[in-house]
Every structure is written in structure tokens, then in C-alpha cells.
Amino acid sequence: MSGSAGTPPVLVTLAEIARIAGVGRAAVSNWRRRHENFPAPVGGTDTYPQFSLHEVEVWLQQENKFKTPVHPLDRLWPEYEALGERNAAGSLVAEVGLLLSGGGTIRPTGGKASDRHRSDLLKRTLAVADPDDGRATFLLLLERWLRTHVRQITATSTHLAELMLSIADLEHPEPVFTVLDPACGTGTLLAAAGRRWGAGLRLLGQDNDATLTRLAEARLAVDGLPNVSLCTGDTLRADAHPAADADVVLCDAPSNDRDWGHAELATDPRWVYGQPPRTEPELAWVQHVVASLAPGGVAVMVLPPAIAARRAGRRIRSGLLRAGLLRALIALPPGAAPPYGVGLHVWVLHAKGADTRGEEEPRAELTLVDTAQHSTEKAGIDWPAVTAQVTSALSGEGTRGSVSVPVIDLLDEQVDLTPARHVPRTRTATIVDLRRLWARFDGHMSEVRDTTAVLARLRPTGDDEPTSLISLGELERAGAVEIRSGQTLPDELVRQGEPQEDDTRVVIGAPLSGQAHLWLSSSAVAQGELDGSLTVTASQDVVVSVLARAFDVQVDADAPSVLGPQLTLLRVKPDVLDPWFLAGCLRSPANVQQAGTHASTTSRVDVRRLQVPRLALAEQQLYGEVHRRVSAFEREMREMRTVGAELSRSLGDLLATGQLPRI
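Remember, it's a predicted structure, so these values are computed and weren't measured experimentally.

Caption draft 1: Quick look at the overall build of the protein chain. Looking only at helices and strands, the protein chain has 20 helices and 25 strands in total. In the protein chain, which comprises 663 residues, the proportion classed as buried is 47%. Counting only contacts in the protein chain whose residues sit at least 6 apart along the sequence, the fraction spanning at least 24 positions is 72%. Of the roughly 31600 Å² of accessible surface on the protein chain, 51% is carried by carbon and sulfur atoms.

Following this line, the structure appears as C-alpha cells:
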């Protein structure tokens, strides 16, 4: 249904259409180009159009485009999104879970139309739910909700949860009666603990987001875990379980929260090992977790890597080591958990220095494990290998990528606990890196040879007759090109690291290629296009960096991209101007000298004064193809330089340690 009077319209994106039809997104884009009767957009932007769900479903049925059977919940999900802000859909998902588990009842609504629509959606969801597996229905809806709101909610992955449980199981071999998660989110860790240690387990959780707490309650209910106590509130300021005495604490701790209560909690008795600095809220969570453990209890925490080395927290790290509380620190590969561009750490702590394995004195060593080698660009993270390495190291077995360091050797001015600084790099790992790097280098060399074979045949013409030129300003007035300036970006929405589904690349300055990965969500980009606050490229747009000292021009072959304030977008009329020809001409050094202001080191190039030759479109395209090959040559040379530097470092490592293989 597309919505009735008083209810929000149900709109879907191209990605959602692909999910409903059971095909890839590229197939939907092809349908839109090839079929004149494909539904027209009714919302969104040119870059991220939105379509009526009802019209799309009618068209898919008429054209027989349902390639594979689609779960009925996939067709209902757009209606959940149409409810508006995340809490409305999240609360409804939680209600579905509680009803399917027998822990709730449908409350009739007789009020406004939106309430009636919500009640109707709830009933239709229950009608299509699997009567024999309500858990699967709830988890599917929860996964859709988390994916939709990935920018606002950080969820612990199933793989990471299982790794944390394996560590806790190994470090606490005695029976586990109570498990606490003081930042439980949607209950991933508590649910995993219930599955591992049985339904009789006492599960305690708290989160400051009421919707997440409700979802966690539903998640544990569908798993049939009865002995549960979940509360909503700020854990550090108002602990709901002050006498938890937990056998195991599992915590994927919040990070970078500067408003965690530094001033008002200055005299808190939990800060046994030092008051956490205002900039180190994660160390407040560490001490809270330690205070929540029963004697002999074990805590497994996920923390940012900077906490292991930042100078501000060295006193607390030192105190934890001296007391024998911190027993192991594990570096995960980048991509194991949000933020995906950073390799997070797992800390393993034992309560009050007591060891559950019978040692009378606290161990005087810290086990450090670096699992970075178990991640590849193509295959992602090898979680079984990560788990095997970690469990072997914690069991005291000698394993590559791990080391036990005497605590006394770590108690220097820095107290730097970063595993990579202490774990010796193995000869085998370095040789594997060398093979991988040489393969990449050879690939780029091959591309360079193919490109230069064409470019080397080019010869200047003997025609000395000057070619007539035209400025971009004149082309703009003639309607051949549209010029837009980049704009200031919403810093709070821009993130760095690996992109999520439907993320859009952010470009902030020169060089226009090879930049750090910055991203904005599709919803933020669509809203920015609607209100004019963002400049977003389309396929074959030309992007210009206008600072004279960092002038650069590129055709955006990876559009869409969001442009920052020092950039300008040029959108050509394709039947008049070839974008590759335009980009090649604009990059001329003489052009920059002619159009620059030269007033200071921050002088800008006036793009409207840049000039291009007056040529027919067919001739432009010939020149454009040459520039396309030149751009490919530049790209491969940049990659060769990067890979060459990595090769030099790896060879240097082998040379410095006397491990260089014989030639």
C-alpha cells in the first residue's frame, strides 16, 4: 500500500526496489533506463530518487520482474521506514518481538490515522510471520532497522560477540550465574551469553536509549531467556545494578563521549585507579566494569585503540597492571566492528587480581595479541583464524602474533600497551606481505605498459595555425556548461573509514584522487540536495580544485560525490561538450597562470576565466580519449609509487632483522 489519507506515503529507493525484486541494484538501474513505463520518481533527488511502493510493485508484477521469491517482510519494511523517525519503527519492531514471544498483547488504537496505520502494520506483520519461528521474523526486522539507522546506532557484530564469549569462557572456567552488559544496546552480547550458558542465567543490562532497551528486551524474549533485568538510564551517572557482582561482564563500550559526567563524578568511589580524564571516558567505563565484577569475575571489553597508548590515561593503565587486573589485550583487524577503518582492541580483565585458574599471586605478565594478519581486502576477516589465534595465546600456547610481556617492562613513562609495538613481526608474515605487494606492483606495471604503448605513438601536428579559444564563462552563458561551487560540509555527519551500504563519497580538496575515505549517508545527501546545502556530482561531471597552489581537475567517474568548499563542479551539456576533453584542457599550466589571482598563498583560480579550444564534438571526443589514457597513466603511476614505498619498508624490515631471504 502506498499510504492513505492521514498516513505517511510509502516511498522506496532503488536499493529497496532491488531487494523487493530479488535482483542487484544495477539491474534496477537498467530497467529504469530501458523501460519507458518504469514508475517516475515521486520524491528524493536526482542522485537518490524515491518511488511509490505501490506503483513499483504494480510495475514489477506487470513486467514479471520478480526474479526470486521475496520474503513478505521485505515488502512490508518500506512501511516501517515511512513511520518517520527511528524510534517509531524501532518500538514497533520491539513490539513484534514481544508479541511473537508471548510477552505482549496488541493494544487497540482508535485515535489518529497514524496510530491506526501502525496498528494495521503490526497485525499484517504478525500475519506473515513464520508461526514456527517468531525469532527469525523479529531478527529480520531488527537487522533491517539497524541497517537503516547504521549512522546513529553501533551494533556489536555476531562474530565479535562470539569471540568475546569464547574469551570469557576460557578465562572463567567455573559455572557462570550472572552476566552484565552495562551498555547493552539491542542485547547482542546478552543474547549470545544466554545461548552459551543456558536459560537459567541471570542477565543484567542497561542502556541510556529507551528504544534500544526495548529491542534488547524483545531479543532476549524471543530467545526464551526469562531471568532478565534490563533498565534504561545513564550507566555511569545512575547505575541500575550497583550490586551486580557479575561473574562475567561483556561490554562494547561507548567511545568519544565528552559529556560523561567528569565533573559531577569527580569523587566517585569507582575511580580506584585514578580519576578518568575528561577526554578518556572509556577508562571510566573500564573502572565501572571492574567495580561490577564478583571476586574472580572476568570482563571482556571492546575499546578504541587509542586508549592503550594515550598519555592522559597512563596512570590508570599503570594501576590496572600493578593490581593484576588487566590480563590480556587483543588487537582486532580493521573492519571487525564500527568504526570499520580502525582496528579496535579487546581488553580482558580479572576482578581484584584474583585468578580463576588457581594461581595464588597475580600474574606478572600481560598477554598481547595482534590479529591484523587475518584480514584481506577481498576475503575480509577470517574470524575462525582470529578466534584460534586468540584462544591459543590466552591458553599459554606459543603462537605467532602474540607475546607475554613482563608488567615491569611496560611501566615506563608511556605505559603503551599497543600490541603492534610489542609483538615481534614474523618472517613468514613479512614474506607473505612481500608476495602480495610484488603481485600488486606487477599488475600496475602491466597497466602502465599498455597505456604507454598507445601514448608513446602520439606526435604533435605540424599545424602552427592558432586555435580559437573560448572561456568557461562564455560556455556557461551559452548553456553548454553549468558551474556550481562546493559547500561547507556537516562535520557531525561525515565519517571516516569503510563505507556502509549506499554511502556517498566526500571530496574535500586536492589531490582529487587517492584521498582518505570520507562518507555521508544517502539520507543526508538526499536532504542536502533538496535544501541546496550540498553540492553533489553526477556521472561524468568535472571537478576542479580552485586553490592555485593545489589546482587539479578530474572527471568524476565514481559519482556521486559530495564536494567541499574549495571545489567546483562543472556539468557539461553532452551534445556540445565532451567532459574528458574539457578536463584535459583545463589542466594546462598556462591556463592556471592565466586564470589565477596570484594575490597570496591562498589565491584561487577563477574557473570562468579558464579557456578551451573551439572544436567540433567529434574532435573533442578524440582529444578526450587521449586525456582518459593520460589519467589512467597518472593513476597507475601513483599506485606504483605507493606500493613501491611499502615494498621498500618490508625489505628494510627483513634486512634490519637479518631475515632477508637469499637471492
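Don't stop here, the text continues.
Caption draft 2: Summary view of the packing of helix H1 (residues 14-21) against helix H4 (residues 72-81). Viewed as axis vectors pointing N to C, H1 and H4 meet at an angle of 150°, and their least axial separation amounts to 8 Å. Between H1 and H4, the angle is such that the two are roughly antiparallel. For the pair H1 and H4, the contacting residues are Glu-16, Arg-19 and Ile-20 in the first and Asp-74, Arg-75, Pro-78 and Glu-81 in the second. For the contact of H1 with H4, a count of residues per class yields 2 nonpolar, no polar and 5 charged.

Caption draft 3: Unusual backbone geometry, seen in detail. The backbone of Asp-245 sits at a positive phi, close to 45°, despite the residue not being glycine. Positive phi, normally seen in glycine, also occurs at Val-415, with a value near 50°. Its place among the elements puts Val-415 in the loop between helix H14 (407-410) and helix H15 (427-455).

Caption draft 4: A look at the sheet that holds strand S6 (residues 228-232). Taken in spatial order, the 9 strands make up an open sheet running S6-S5-S4-S7-S8-S10-S9-S11-S14, and their pairing is mixed. Edge positions in the sheet fall to S6 and strand S14 (402-406), since each of these pairs with one other strand and no more. Each strand of the sheet is rotated relative to its neighbour by a mean of 15°, with strand direction disregarded. Across the face of the sheet, helix H11 (residues 281-292) comes into contact with strand S4 (178-181), strand S7 (246-252), strand S8 (293-303) and strand S10 (345-350) while running at roughly 155° to S8.

Caption draft 5: Spatial organisation of the pattern of salt bridges. Per the stated rule, a full pass over the model turns up 27 salt bridges. For Asp-259, the salt bridge is made with Arg-237, and the minimal N-O distance between the two is 3.1 Å. Placement of the pair is Asp-259 in the loop between S7 and H11 and Arg-237 in the loop between S6 and S7, with a sequence separation of 22 residues. A residue is classified by how much of its surface remains accessible, and Arg-237, at 31% relative accessible area, is partly exposed. For Arg-310, the salt bridge identified is with Glu-280, shortest N-O distance 2.6 Å. Highlighted residues: Arg-310 in the loop between S8 and helix H12 (314-322) and Glu-280 in the loop between S7 and H11, separated in sequence by 30 residues.

Caption draft 6: A look at H12. Turning to H12, its buried residues number three or more, namely Ile-316, Arg-317, Ser-318, Gly-319, Leu-320 and Leu-321. The elements touched by buried residues of H12 are H11, strand S9 (326-331), S10, strand S11 (365-370) and H14. At the C-terminal side of H12, Gly-324 shows a positive phi close to 75°.

Caption draft 7: Spotlight on the packing of helix H7 (residues 134-148) against helix H10 (residues 210-222). Contact pair H7 / H10: the axes reach a minimum separation of 10 Å and the direction vectors enclose 155°. Between H7 and H10, the angle is such that the two are roughly antiparallel. Read as a crossing pair, H7 and H10 show a hand that is left-handed. Contact with H7, carried on its side by Arg-135, Phe-138, Leu-139, Leu-142 and Trp-145, involves Thr-211, Leu-212, Leu-215, Ala-218, Arg-219 and Val-222 of H10 and no other residues of that element. Looking at side-chain class alone, the contact of H7 with H10 contains 8 nonpolar, 1 polar and 2 charged residues.

Caption draft 8: Spotlight on the sheet that holds strand S22 (residues 552-555). Taken in spatial order, the 4 strands make up an open sheet running S16-S24-S21-S22, and their pairing is antiparallel. With one partner strand each, in any of the chains shown, strand S16 (481-485) and S22 form the two edges of the open sheet. The mean angle between the axes of side-by-side strands here comes to 20°, regardless of whether they run parallel or antiparallel. In this sheet, S22 lies alongside strand S21 (residues 542-545) in antiparallel orientation, the contact comprising 4 bridges. Within S22, the position partnered with Val-543 by the bridge is Gln-554. On top of the sheet, helix H18 (residues 579-586) reaches S21, S22 and strand S24 (567-572); it is set at about 170° to S22, its chief contact.

Caption draft 9: Region of the structure containing the packing of aromatic side chains. This structure, assessed with the given rule, holds 7 aromatic pairs. Both rings, one in Trp-31 and one in Trp-59, keep their centres 5.8 Å apart while their planes meet at 50°; by these two values the pair is tilted. Of this pair, Trp-31 sits in helix H2 (residues 25-34) while Trp-59 sits in helix H3 (residues 53-62); the two residues are 28 residues apart in sequence, bridging distant segments of the chain. Considered together, Trp-31 and Trp-59 belong to a single accessibility category, that of buried residues. Look at Phe-38 and Trp-59: their rings are 4.9 Å apart centre to centre, the planes differ by 70°, and that puts the pair in the edge-to-face class. Highlighted residues: Phe-38 in the loop between H2 and strand S2 (43-44) and Trp-59 in helix H3, separated in sequence by 21 residues. Using a relative accessible area of 8% as the deciding quantity, one classes Phe-38 as buried. Among the aromatic residues, ring-to-ring pairing joins Trp-31, Phe-38, Phe-51 and Trp-59 into one connected group.

Caption draft 10: A look at the side chain of Ser-471. Counting through the fold element by element, Ser-471 comes out in strand S15 (residues 469-471). The exposure class assigned to Ser-471 is buried, which follows from its relative accessible area of 12%. For Ser-471, the contacting residues outside a window of four places in its chain are Arg-608, Leu-610 and Gln-611.

Caption draft 11: Molecular detail of the confidence of the model for the protein chain. Within the protein chain, residue pLDDT values average 84, and 87% of them lie at 70 or more. Note that residues 353-360 has pLDDT below 50 and, in this model, 19 contacts with residues that lie over four places away or in other chains.

Caption draft 12: Examining the side chain of Thr-178 more closely. Mapped onto the fold, Thr-178 is located in strand S4. Since its relative accessible area comes to 8%, Thr-178 is described here as buried. Aside from chain neighbours lying at most four places away, what touches Thr-178 is Leu-201, Arg-202, Leu-204, Ala-244, Asp-245, Ala-246, Asp-247 and Val-248.

Caption draft 13: Local environment of the environment of Val-448. Examined against the element boundaries, Val-448 turns out to sit in helix H15. Residues Val-448 and Glu-634, spaced 186 residues apart in sequence, show a C-alpha to C-alpha distance of 8.9 Å. Excluding residues within four positions of it along the chain, Val-448 makes contact with Phe-633, Glu-636, Met-637 and Met-640.

Caption draft 14: Quick look at the pairing of S21. Every second residue of S21 is oriented toward a common face, with Val-542 and Val-544 on one face and Val-543 and Ser-545 on the other, all of them buried. Hairpin geometry of S21 and S22 is characterised by an intervening segment of 6 residues between the two adjacent antiparallel strands. Where S21 lies against S24, 4 bridges are found, and the strand directions are antiparallel. By the bridge assignment for S24, Ser-545 is matched with Leu-567.

Caption draft 15: Expanded view of the environment of Val-176. Along the chain, the position of Val-176 falls in the loop between helix H8 (158-171) and S4. Spatially, the C-alpha atoms of Val-176 and Gly-198 are 9.4 Å apart, while their sequence positions differ by 22 residues. Among residues more than four places away in sequence, those in contact with Val-176 are Trp-197, Leu-201, Asp-247 and Val-248.

Parameters and conventions
Residues numbered from 1 in each chain as written. Predicted model: local features only at pLDDT ≥ 70, side-chain atom pairs only at ≥ 80, totals over all residues. Heavy atoms only, no water. Helix = DSSP H or I, 4+ residues; strand = E, 2+ residues; numbered from the N terminus. Buried < 20%, exposed > 50% of the residue type's maximum accessible area, 1.4 Å probe, protein only. Contact = heavy atoms within 4.5 Å. Areas by Shrake-Rupley, 256 points an atom, 1.4 Å probe, with all protein chains shown as cover. Axes fitted to C-alpha atoms, helices over the stretch in contact; angles between N-to-C directions. Parallel < 35°, antiparallel > 145°, perpendicular 65-115°, else oblique. Nonpolar A, V, L, I, M, F, W, Y, C, P; charged D, E, K, R; others polar. Pairing = 2+ DSSP bridges. Salt bridge = Lys/Arg side-chain N within 4 Å of Asp/Glu carboxyl O. Left-handed = near helix turned anticlockwise from the far one by under 90°. Phe/Tyr/Trp six-rings, centres within 6.5 Å; stacked < 30°, edge-to-face > 60°. pLDDT = per-residue confidence, 0-100.

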